[in-house]
Structure formats: C-alpha cells, structure tokens
Amino acid sequence: AEAEVKVEEGVLVATVDNFKQLIADNEFVLVEFYAPWCGHCKALAPEYAKAAQQLAEKESPIKLAKVDATVEGELAEQYAVRGYPTLKFFRSGSPVEYSGGRQAADIIAWVTKKTGPPAKDLTSVADAEQFLKDNEIAIIGFFKDLESEEAKTFTKVANALDSFVFGVSSNADVIAKYEAKDNGVVLFKPFDDKKSVFEGELNEENLKKFAQVQSLPLIVDFNHESASKIFGGSIKSHLLFFVSREGGHIEKYVDPLKEIAKKYRDDILFVTISSDEEDHTRIFEFFGMNKEEVPTIRLIKLEEDMAKYKPESDDLSAETIEAFLKKFLDGKLKQHLLSQELPEDWDKNPVKVLVSSNFESVALDKSKSVLVEFYAPWCGHCKQLAPIYDQLAEKYKDNEDIVIAKMDSTANELESIKISSFPTIKYFRKEDNKVIDFNLDRTLDDFVKFLDANGEVADSEPVEETEEEEEAPKKDEL
Amino acid sequence: ALIAPNSQQIFKLQNQVILQELGRDSSSAETSYTFETDLKINSVWSGDEDQLLEVFISGSKVDASGKARSITRIPDRPFYISLVRGQPDKVIAHTSKDQSLLNLERGIASLLQLRLDASQEEELDVSGLCRVSYNVKSSTKVEKTKRDCSLWDLRVNYNPEEALGVTQQAQETVFYELSSEGTLLHAESQENHRLNLAAKPDVGSFVKSSLILQHVSQGSEEVKQLQLGSLDKAIQSLLEWYRVFELESDVDGMISAIKEQTLEDQLKASLTELQSADVGKSSLALAYVKLIPLARITRQEQFEDLLTEHAEVLPQLVDLLGAVQTFDAHNATFGFLYKESETTSEQLDLLEKYLQSLAVATHPDRKIVEHLFGLLEQESIKKHLKLRESVIQTVATLTRQSGLDVEDPLLKEVRSYLLQGLTSKEPTLYIRALQNLQDPATIEALLEHAQTGEAPNLSVAALQALKAFPLGSFNSSHRLQFESIFYQRKRRFDSSARTLALDIILSLRPTQEQLGNFLDYLASNDRQFEIKTYVLQKLRMLAEKCPRFRALFKSELVKRRHVNNYNVLGQKGLTTVLTRQLSQAPAFNETLLSTQEVYQGILKRGSVEFLLHAGRSQASSFKLGIYTAGLGSLVGDGDSGDGNDAIPADDEFSEDEAVTAGMEISVQGAQLRPLVFFSGQTELMGHVWGGSASDSTPAYQATTLSQDNEHYIILTSGATLHWRVLGARSVDLNGKVGFSLWNRNAQTEIQQNTGSAVLGHLAVGFTYAKLVQDFSITHEPKLSLNADLDFYSGIKLCMQLQRPEQLLKQTNVRSVFLQSVDRPYAKHVRSTLSHKTAGCTFALNQKNNEMCNLIFRDL
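Keep in mind it's a predicted model, so treat the numbers as computed, not measured. (Residues numbered from 1 in each chain as written. Chains lettered and ligands numbered in written order. Predicted model: local features only at pLDDT ≥ 70, side-chain atom pairs only at ≥ 80, totals over all residues. Heavy atoms only, no water.)

Draft legend 1. Up close: the overall build of chain B. A tally of helices and strands in chain B yields 23 helices and 30 strands. Projected onto its principal axes, the C-alpha positions of chain B cover 115 × 65 × 55 Å. When each of the 859 residues of chain B is scored for burial, the buried share is 61%. Intrachain contacts of chain B at a sequence separation of at least 6 include 68% that bridge at least 24 residues. (Helix = DSSP H or I, 4+ residues; strand = E, 2+ residues; numbered from the N terminus. Buried < 20%, exposed > 50% of the residue type's maximum accessible area, 1.4 Å probe, protein only. Contact = heavy atoms within 4.5 Å.)

Draft legend 2. View of the overall build of chain A. What chain A contains, in helices and strands, is 16 helices and 23 strands. Computed over C-alpha atoms, the radius of gyration of chain A comes to 34 Å, more than 25% over the 23 Å expected from 2.2 N^0.38 for 478 residues, which places it beyond the range of a compact globule. Residues counted as buried form 48% of the 478 residues belonging to chain A. Looking at chain A alone, contacts between residues at least 24 apart form 68% of all its contacts between residues at least 6 apart. Put simply, chain A shows about 24,200 Å² of open surface, and 45% of that area lies on carbon and sulfur atoms. (Rg over C-alpha atoms; globule rule 2.2 N^0.38 Å. Areas by Shrake-Rupley, 256 points an atom, 1.4 Å probe, with all protein chains shown as cover.)

Draft legend 3. Structural view of the state of the cysteines. All names here are of chain B. Per the stated rule, a full pass over the model turns up 2 disulfides over all chains. Note that Cys 130 is cross-linked by a disulfide to Cys 149, the S-S spacing being 2.2 Å. The chirality of the disulfide connecting Cys 130 with Cys 149 is right-handed, given an S-S dihedral of about 115°. With Cys 130 in strand β8 (residues 128–136) and Cys 149 in the loop between β9 (141–147) and β10 (154–157), the pair connects residues that are 19 residues apart, well separated along the chain. (Disulfide = S-S within 2.5 Å.)

Draft legend 4. Local environment of helix α8 (residues 345–358) of chain B. Residue and element names in this part refer to chain B. Between the first and last C-alpha of α8 there are 20 Å, a value that for 14 residues agrees with the 20 Å anticipated at 1.5 Å per step. Buried residues dominate α8, accounting for 11 of its 14 residues. The elements touched by buried residues of α8 are α4 (282–295), α6 (314–324), α7 (327–337), α9 (366–375), α10 (385–401) and β22 (697–714). (Expected span 1.5 Å × (residues − 1).)

Draft legend 5. Looking closely at the interface of chain B and chain A. Taken together, the contact pairs 71 residues of chain B with 76 residues of chain A. In total, about 6,500 Å² of surface goes out of reach between chain B and chain A, with carbon and sulfur atoms giving 49% of it. Joining chain B to chain A, the criterion identifies 1 salt bridge. Between B:Lys836 and A:Asp441 there is a salt bridge, with the nearest N and O atoms lying 3.1 Å from each other. The interface formed by chain B and chain A holds 19 residue pairs in polar contact (both at pLDDT 80 or more) in total. Contributing elements (two or more residues each) for the side of chain B that touches chain A: β4 (67–70), α17 (512–522), α19 (547–558), α20 (566–569), β27 (796–803), β29 (825–837), β30 (840–842) and α23 (846–855) of chain B. Broken down by element, the residue count for the side of chain B that touches chain A peaks at 12 residues, all from β29(B). Taken together, the residues of the side of chain B that touches chain A sort by class into 23 nonpolar, 25 polar and 23 charged. By the bridge criterion, 2 bridges tie strand β20 (residues 421–422) of chain A to β30(B) in an arrangement that is antiparallel. (Buried area = accessible area lost by both parts, 1.4 Å probe. Salt bridge = Lys/Arg side-chain N within 4 Å of Asp/Glu carboxyl O. Polar contact = N/O pair within 3.5 Å; in protein donor to acceptor, adjacent residues only side chain to side chain. Nonpolar A, V, L, I, M, F, W, Y, C, P; charged D, E, K, R; others polar. Pairing = 2+ DSSP bridges.)

Draft legend 6. Here's a closer look at the sheet that holds strand β16 (residues 308–309) of chain A. Residues and elements named next belong to chain A. Ordered by their spatial adjacency, 5 strands build an open sheet running β12-β14-β13-β15-β16, and the pairing between neighbours is mixed. At either end of the open sheet lies a strand with only one pairing partner, and these are β12 (219–221) and β16. Here strand β13 (residues 237–243) pairs with strand β15 (residues 296–301) via 6 bridges, running antiparallel. Bridge pairing in β15 links Leu 239 to Leu 299. Where helix α9 (residues 224–232) meets the sheet, its contacts fall on β12, β13 and β14 (268–274), and the angle it forms with β12 comes to roughly 135°. (Axes fitted to C-alpha atoms, helices over the stretch in contact; angles between N-to-C directions.)

Draft legend 7. Expanded view of the side chain of B:His613. Position of B:His613 relative to the elements: it lies in strand β17 (residues 602–614). Here the side chain of B:His613 touches B:Thr591 through a polar contact of 2.7 Å, side chain to side chain.

Draft legend 8. The packing of aromatic side chains, seen in detail. With the rule as written, the count across this model stands at 47 aromatic pairs over all chains. Relative to A:Phe428, the ring of A:Phe359 has its centre 5.5 Å away and its plane inclined at 85°; by these criteria the two rings are edge-to-face. With A:Phe359 in helix α14 (residues 356–363) and A:Phe428 in strand β21 (residues 424–428), this pair connects stretches of sequence that are 69 residues apart. A residue is classified by how much of its surface remains accessible, and A:Phe359, at 6% relative accessible area, is buried. Taken together, the ring pairs connect A:Phe222, A:Phe231, A:Phe242, A:Phe284, A:Phe286, A:Phe287 and B:Tyr566 into an aromatic cluster. In this arrangement the basic side chain of B:Arg492 is found over the ring face of A:Trp37, its NZ or CZ atom lying 4.2 Å from the centre. (Phe/Tyr/Trp six-rings, centres within 6.5 Å; stacked < 30°, edge-to-face > 60°. Lys NZ or Arg CZ within 6 Å of the ring centre and 35° of its normal.)

Draft legend 9. View of empty space enclosed by the protein. Residues and elements named next belong to chain B. By the definition in use, this model includes 13 cavities of 30 Å³ or more. Taken as a whole, the largest cavity holds about 130 Å³ of empty space. Lining the largest cavity are 15 residues, and of these Leu 612, Ser 706, Gln 707, Arg 729 and Ser 756 sit closest to its centre. If you tally residues by element for the lining of the largest cavity, the top one is strand β24 (residues 745–766), at 3 residues. (1 Å grid on protein atoms, 1.4 Å probe; cavity = no way out; pocket = protein on both sides within 12 Å on 5 of 7 lines; lining within 4 Å. Points joined across faces, edges and corners; volume = space filled by probe spheres on them.)

Draft legend 10. Expanded view of the sheet that holds strand β17 (residues 352–354) of chain A. Residues and elements named next belong to chain A. The strand order across the open sheet formed by 5 strands is β17-β19-β18-β21-β22, and the pairing between neighbours is mixed. If you trace the sheet from one side to the other, it starts and ends with β17 and β22 (435–437), each paired once. Shown here is a sheet whose adjacent strand axes are inclined to one another by a mean of 30°, direction ignored. As paired strands, strand β18 (residues 369–375) and β21 are joined by 5 bridges and run antiparallel to one another. In the strand pairing of β21, Val 372 is matched with Lys 426. Contacting β17, β18, β19 (402–408) and β21, α14 crosses the sheet at an angle of about 150° to β18.

Draft legend 11. Spotlight on the packing of α7(B) against α9(B). All names here are of chain B. Running from N to C, α7 and α9 point in directions that differ by 30°, and their axes come no closer than 9 Å. The pairing of α7 with α9 is recorded here as roughly parallel in orientation. Judged by residue contacts, Phe 327, His 330 and Phe 334 of α7 engage Lys 367, Ile 368, His 371, Leu 372 and Leu 375 from α9. By residue class, the composition of the contact of α7 with α9 is 5 nonpolar, 2 polar and 1 charged. (Parallel < 35°, antiparallel > 145°, perpendicular 65-115°, else oblique.)

Draft legend 12. Here's a closer look at the pairing of β24(B). Residue and element names in this part refer to chain B. Judged from the 9 bridges that link them, β24 and strand β26 (residues 782–790) form a sheet pairing that is antiparallel. When the sheet's bridge partners are listed, Glu 749 is paired in β26 with Asn 786. Of the strand pairs in this sheet, β24 and strand β25 (residues 769–779) are connected by 11 bridges, and their pairing is antiparallel. Directly across from Leu 762, in β25, lies its bridge partner Gln 773. Hairpin geometry of β24 and β25 is characterised by an intervening segment of 2 residues between the two adjacent antiparallel strands.

So, in structure tokens, the structure goes:
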C-alpha cells in the first residue's frame, strides 16, 4: 500500500515508507535531509518552503521534499548523509548533489536549470530583458547560427557550470539591443562594470575561466555566501586585504586598487577579510596575524603547501602593491614565515638573537659554527638554562668561528626545521652545515666540551666494569 | 653405523658455554665454562640396523677462567643408547636424581642422530621436536641445521603485550665428519641463543654453546655381547637397575632454584624502600620485582603472618600480592581484609588497591576469577558499592587475561552477567567492564548502546569501550555504524562520542574514499568546529607518523579546492591532538599521546597516554583522562555565534547535563573505577567557595607489574637455560583544579611521578658449572601537565606539558660458578651504565604557543 505523502508549507514530507514511491511518481524531486536541532536547517526552512510554493504556483513538475533524518535514519544512511542540511536532486530516481545557494531564488534557478536546457533560448528582446531581471548574474551567448561550432562549445560550458545561469539568442533584435557581435559572449552583473564582454579564443577552458572570474566583483568580500565562489574557481593565488570595515579601510585603502585588480584579475583574486567579524579571527590566526595589524595584506597560493607571502613594507599604495604582485608572478618572492621583527641590537650581546628573517644568514653561514637554542619565553626549562647559556656566550664572544644564538620558536617559523620541544639546541657546523642535536647535560662544562669537539661527542656514558673472584683456599697438606 | 658393531671406541666430549651481555663490545671480560669428559662407547648388541651402545663417562672436569676442577661425583656406571634403524631412540640410564646428568646423556645420544638420506624434515632430540635440513657435502662430510625446536621456548609466564615481552632467536648447526667406512670421527654442534627485552633490544644476553664429540682411538678391550634375540630384550635385561628415557629433555629445576631465601627475609631487607613515601620511585619498583619470585612460592599462612606483622607497608603489600597472582596470595588478602558486612573503609580501600594490582595480571589462577565472580552473588558485597564496582572491573579484566576458550563456561557466565548489567540502573559501570573484557561477542550490544543510549555519557562510554577492542574484532557492518555515529546519520551524538567513532574508523585504515569524505566533512555546515579541529589535527598527526598516509592525505587535499583553503583549514577550535617522543634509545622508546578535546571553551575530555614501543607494536602503560560536563553554562562561550548572525544556533544538546568533573585511569589497558571530583552544581560551588578542589589530590598511588616473563631453554648439551624478566612501575599521580569565578580563570595541574624497574635473571648450566647474568634497569620518568584557562575577555587556554630531567641506570652482573666440586670457584663481572635525558617543555601547537604568550606576558 502506498504511504500517504503529507505536505507542509508546500514541501513534501518524505519518509522511509513513501520515499521510493515519491521519487518514482515525480521525475524531479529536490530532497532536503535535515535534523530538527540544526540551525542551518532552520535558516533554510523558510526559503525552501518559499521556493516550493513558487514552483507550485508555476505548476512546475519539480517537487521539493524533506526528510527528517533523525526519524528516517535508514534514508540518511542509504544516501550517505554526512551533514545537515544535505540536499540531493533526484532525476528519475537518480541522485546528484545540490550545489547551489540557499536562497529561494537560488534553489529555483538551480533546479530549473537542471531540468531545462542548459542555456535558455531568448527569442525576443522582451524575453532577454525578463531573463536579466530574473537573474542577478547571467551569461548570454549571441550566435546567428545556433548550430555553429562556437554555439555548441557555449552549450557545453553551460552544461558544465551548474552555479551559473546561461541564455542564448540568435535573434537579430536581441543582438542589436545588447550591441553584441556575432559569436559573442557577455556576462551581465549588478556590480563593477555591469557587463563583461568575452575576448579571446572561444573554447571551453577560456569560457569557464571567463565565467568564474567575471562573475566575482573585482574585489570580493569574504563571507559565508561568497566562500564557495572564492574557492570554487580556478584562480589559486589570492591577495587578501585584512581590513576593518568599521574603520573605513575599504574606502581608504581598497577602493583605490580597483584598477590593479582589473589588470591582474586573470591571475590573482582580490579578497577582503573584515576584522570586525568574530569568526574571522581564525583566519587571522591561520596567517599568524592578529587584528591589531589591520590594515594589511597577505598573498597566498592555495596549493599543496599553502605558501604565504608578506610584503616588506606597510605601504598599501597602488604602486607598492603592484610591485609586490609583479614580483610574485615573476617567482621572485620569498615565502613568508612567522617572524618577529629583527631587533636592532640582535648582535650587540654575546647571545645573538635570531628571527626567521636572519636565521639563514647567521646559522647557515659556512664560515662559522652556530649553536642555536630554540625556546619559548614561558618555558621553565628555558629560563633555567638562560644564565648558563649567557655564560657560554660570554666565554665564546671573541671566538670568530663560533656563534651562540637563540630564537623564540613561538614567534618565528622556519621552513626546514620543526621544533617539538623547548628548549631544543642545535649545532650548525661550519663548512658542511651539518646539523647536530645537543643532547648532553645542559651544563657549562658539557656545552664547552661539545663545542670544542665540534659537535662530535658520544652521548652515551662510559661503561664501568669491575671483576672479582672467589675461590676456596687450597687445603694445607697434612 | 656410526659406531662399528662389536667394537669399543674412545671419544673425547667437550662442551663450552659462553654468556655475553648484549650491547657490549668484545673487550668486555668473558664469562664461560668448559666441560670435558672421556667417553668409552661399547657396542654391546647389534642386529640388522639396530644397536645398543654402552657408554662410560670418566675423567670429567670443568674449567672456567683458567681454573680447572675435576668432577669426582659422576658415578662410574655406564648409560645406554638404543639405536633403531641407525638412529638414537632411547636413553637407558640409572635412576639417578641428577637431572643434569640425564640431560647430558640425552645430548650425547642426540649427536648420533644423522640421516644421510635427508628423508625427514623433523627430528626429535634433546632439544625437543626440531625442524631440520641437511647439507650432505660428501660421503664423509655432512652439515645439519636445526630450527624451531620445541624446547627452545618453554614458557612459564609471558606478557601477551608484545612490547612488554621478550624476544628470542635461536640457531643451531651440527657438523659431522665420518670415516670412509661410515663411522663417526667428529661431531660438532654450534648453538646460539639471543634473548632480549622487546622494548629495549640492546638489553639481554647472548648464549653460545658448542658441543664437540671427537673420536680418539679404537679401544683395546674385548666387548662382551649381550646374547639376546632382539633390541627390546636386550633393553629388558637392564631394567633391574635402569630406566628407559626419551631423548627429549626435561627442565633441570636446579638451575632456577631460589637459594635458601624467604619472602620474610627479603621483605625485611626491603622495608626501607617500601614505605608509602617511596611510591613513584624506581627504588620501590626494584624492591617490588625482587620480592615477586619469592612471593610466588609462598603459602597462604605465611602471607597472613606478613600482613599481620607489617601493617605500616600494607598498601604496598597488597600491590605486591596482586602481582603474585596465586590463589594463596588471593585467599590471604581476602581472608585478612574482607569481613563481609563488617569490613571497614580502610580495609575496603586496601581491597580495591589489591584488585587494581591484580587487574594487570598476565596469568591469573582460574580459582581467583571464580572466587571474585562468586563474590558478586553474595548479599554482603552489595553493601560496599565501590568494592563491588572494582570487583566487576577486575573480573572482566582477569577473564580477558586468562585467555579462556570461547566455549568456556566461566567466560559465558561473566559475559552474560555483564550484558545483563547493561539494563541495570548503572549501565556505564557495565560498559566499562565490557571494555575490560574485550569479548568480540559483546560488540553488538555496545554498538546498540552507543547508538541508542539516551544520555550522552552512555554513548561516550560505549564508544570508549569499543575503542579498546583489538582492530581485528570489527567488520564492515561495524564500520558503517561508526560512520553513522560520526556523521550523525540517525540522531545527534555527543561530540566525544563522535571523536571516538572517528578514532576507531581511522585505526581501521580508512580507504581513499573514506579519507576523502572526512576532508569533505571539514567543509560542511557542522557547527561543531571543535570536532572539525579534532579531525584536522588527527589527520595531520597520522600524516606525520606514516609516510604512506601522508602521501594519500596530501593528494586527496590537493584534489579539493573547497577544502584546501584558509577558510576550511583555518579552524578556530582549541582542541589539540598530538604525539611526542618522551624517550628513545638508549633509553626506552616511549611516546606520549595527548588529546585535549575542548567544548564551548572548556576542556571537556583530555587524556594523556604513555605508549611503550617495540618494533611495530606498542603497549599502553598508563592513561590518564580528565572529563568535565555541563561547565559550559558557567563559562558561557557557546558555539552558536559562528560569525553568521542570520543563521540560528543549533539547539542546545542535552540542556540538563549535570555539572561534573572527574578523572579516569587505565593501567596497561585495564580501566579502573573512575574518580569523581564533584558531581552536581551544588558540590561544584562548594569547592569553588571553599577552595577544597585546589589542594593536590592523590588520584592514583600504586605499583604494578609490567614485564612478567619466565622461560626455559634446553641446550643441545642438555644444559638448562632459565631466563626471567620482571618489570614494575610505581606511579604516584596527583592533580588539582583551581577555579575562580572572581578572576574568571581556572588552573588544572596534573603531576605524574613514575618509578620503573626491570630485573632480568638468566642462568645456564648444569650441576657442576653455571653462568649467571643479572641485570637491572631503573628509570624515573616524570611528567607534569598544567592548563591555565583565562576567560576574562574571550577564551585563552595555555597548556604546558613538561618533562623534568631523567636518569636511566642499568647494571649488569655476569658470574661464572664452578660448584659441587672440590674448591668451588666463582668470578663476577660487574658493569654499570647511566644515561641522562635533559628536561624539556613540549611544543604543542602554534595557537597554544600564542595563548601562553598572552597569558604569561607579564612573566
């Protein structure tokens, strides 16, 4: 017997008992798996209902359904739900992941696109104008011959990019209205230039990149909504502006950079991150920064090692930033690692102070052997060691071959050396730059012994051995 | 025939045994002995291929370090060897009490086992059943290799934890030289045994034994033949004074006899090290392991006397009795301390202590388990709730350690009892017991509780129990259920339940697809950012440890642009998962695994676990867990505000969760009854205003066995090798929690002082000569964990994990004895080695570094 399907605010209520029939009876069903306690699900609910009702008003064959996963656990398991809400689009019973936005308009646009032609045929100027009014961002291809090679390429791209709305027109009036050339592609948007015209060879790769690049503002504000677009595109190098919106940094520092953003938009994505959002603290932390540093910029390449780059100066003028970007694109920028400012008096005392920026030139100097203590300021063992280390440095301060140095490992990062405990003491030997860990007792004597032996000291204690015999006395002859 | 029929042959037999210390160079003084004797072998009966040999031993002597001693006590009666189809079959020897001599005779007989046709892959000889292979080089030169002899690993006790065990390697080659007529000219056996600690392979012994039988001449005497029709009848004619023995040897108990020493004497000598103030020191651990072999041969009455007499060290004595694992020790303890309803609270504490020590047993007497299980049925114990709980946990642990057969009625009864307990008023108690039992037949019940338990702590306890199971216990259906819990497919789960499910999935070696799903999860809507932080740190930690996983992790990450970015990888949780090397060769290879799970800014569940490594295996020696619940309402930093005010918060999960905090301890994998610091808001407030939680509280003070191995090996010469390793850890753990609402801060401090000792004893030899090695390793690893929480403005949590300077000391005494001879002789070679490890504070992660910098900015 077919189980009853309830409807709540236009949304079908799917259960274990009726699900199979529901996706069999309806060719197109968008299903939301939700949990009643889930905040994101609550936020989605009114938009989902709104979309369902609007689709119903249009007498659309597309249905919206929902599954309470905490009651219909078997369904959640069957479809491998891994978070809430999870939306899956069932077309003739076969599911695909929903990849659109969470607003009613986004939902309607996505499912409409999934069920209709990848590019809507615009047969009149009125059609086209309504199309642009319905969609904030839209890409229209203008082809006198819809069977041309270019038109087919355009259709393929429209098929591939789910999150964009595509229109196509061969109508002469439409082409004239938008001043498009034959085989032209234009992206319409409500920001920046309002309109971007595709240039270059019309192939799939170029067209996809055009859509992804031009659909974002020249300088995009990072937030929950924009995150999927920021990371979904193919541009992997991001220039991040850490700013305080409340402090007026957008108008003062960011807006003047729009010309540069336009110039480099094919290679670098310009992103603003506001320090006024509590949630963004973690991103500041990810870059080893704190909110007091705003306004500032960082460059990051989203590849295997997530390399980060920091400009040398605090100047945020257009000229300085452009020089920074040019250097990056030429491959001449050095990766930025967490670093303290180099103190002016770093080499004025017997113990030299190393930070990330001068570590290589001092520790890896082949004309000197360098002993480096990696410490944390709050580490008890490091405090205990400090006076001994000072004595050691005092002893060798006039020795031209040996340098005694220290580095705060909580504030300085090195590419090739990872510290797992404090203090860690390493010896960088001159000439061959061999790195030897100091593992002896942390006494002045042992340090001196280690340095005088150029780091080649066995760390095992000598073994003491003694021998003794017991033997009964020889009997006296009677 | 190796010995020509009707002939008399003169041979010289020589056996040299060398004992070396592992990890030492060849310049060290040698300890060895040589036994030499002359053999006169008469073939007194022969027919077809069968033969009876009569062997006289004369002119025996032992030699060590240039000191030679004649042996005058070997009787001049001959022994006999029967050969069937040319191969030695039986030894017919006088009914003497000297097991050494009998074994020697078996060794001589075994040398005559030689098969030129290489027709067998197994041979039975003095070393038991061995796998053999022959290399017949010519008609006069043959080489035989022996492997996997059954008497090369006679176990009395062993610790099933590989990392707490011992490793043995043995090898023997016998070289034969024959005359052109096929008679024996020379037989030489070279045998090597390497014995070492699994956790410290450079500690142990290397024993070499060579047994050489050299033909000297043809004898001059006429050999009188036994005029009987068959070999059996010939043997029968000897039985008035002789008995028939198999070639396979028996252990010579003399080698392991404890010389004229009693537990009472040793205890008196150790009293100064056994005081309560010595808990956590290696001196106490060393005294403990010295007492155990004596205690294991002590009777119940003697134990009772000692318990009465030494009241001042009762806590340490009950620890010792738990390690003894004999029914005598058990009866003495319960007889002395358990008075049914009349038992005092001090007696109850001591009984719990005994049970905790017993829970680490490796081979408990079955009667102990039966007695404890029977105790649970008695009415009187229901009055003592804590004792009853400890009995339940100990019964479960001992049942697992006993290695009972699947169909054993005792196992069935215990399992049934614990499963029934799941439906009682205190299911958590029984879940913990199932964790100790680790019976695969209970996995379904635990998974049921993990997924349907009403209270969050039930799910957590059930998953914690499941995590303790060996990985081979789980199948693909179980894996799906763990995934269902982690991803909350059927219902919502406590965050700790989810992280535990994740740990189990990750230990089951996830597939590429499963790893990909975890990465996708990081980009999901889940508001539990602390769980995402946990997942990310766990994956990174595994990638650090395992190169193959690291490659897989990186490749899956690069494929996912929506994950491999600063939004997803920049998680904001304070949760920490990391592992650090505590010590390594030449000390023990020991690591620390720290998991600090934060929820709403509060440390919800933290654990520090110590793992001892040996090769690929590891053993958990100690695990300390701290848990809190319901404190979020006091600190008040919910995760609802994740920066998107338009999105409502997830509903509060289990709003009525009781305010509670406590500590869980497991020792060598055995989960003990947890300690509750406080339960309920009223009690917490009492602590806060009264400051009583700020005092240091002893959480665990006990000494337990770690290594517990005892083995025998029979050498080809018939000499017996006895090898015993005992280890103990004495732990003094205390902690305190400070909490100030006024200053809006909290401090947690955990101190663990551990004293560890391993005592090894090896003796090899026979009646007239013996080699002995005694080694000891003492070590006092200590650790302190401080957590400072400041919630005055935002949340700042600084964790400092510190290890003070450590000293490992190793002593070795090798001795050679010539005994039961005129003018006994002994030589001792002593050596000591020490290794110091400097103290350090472990780096946790960069966020922790920065928080410590903030909190301690003024220091």
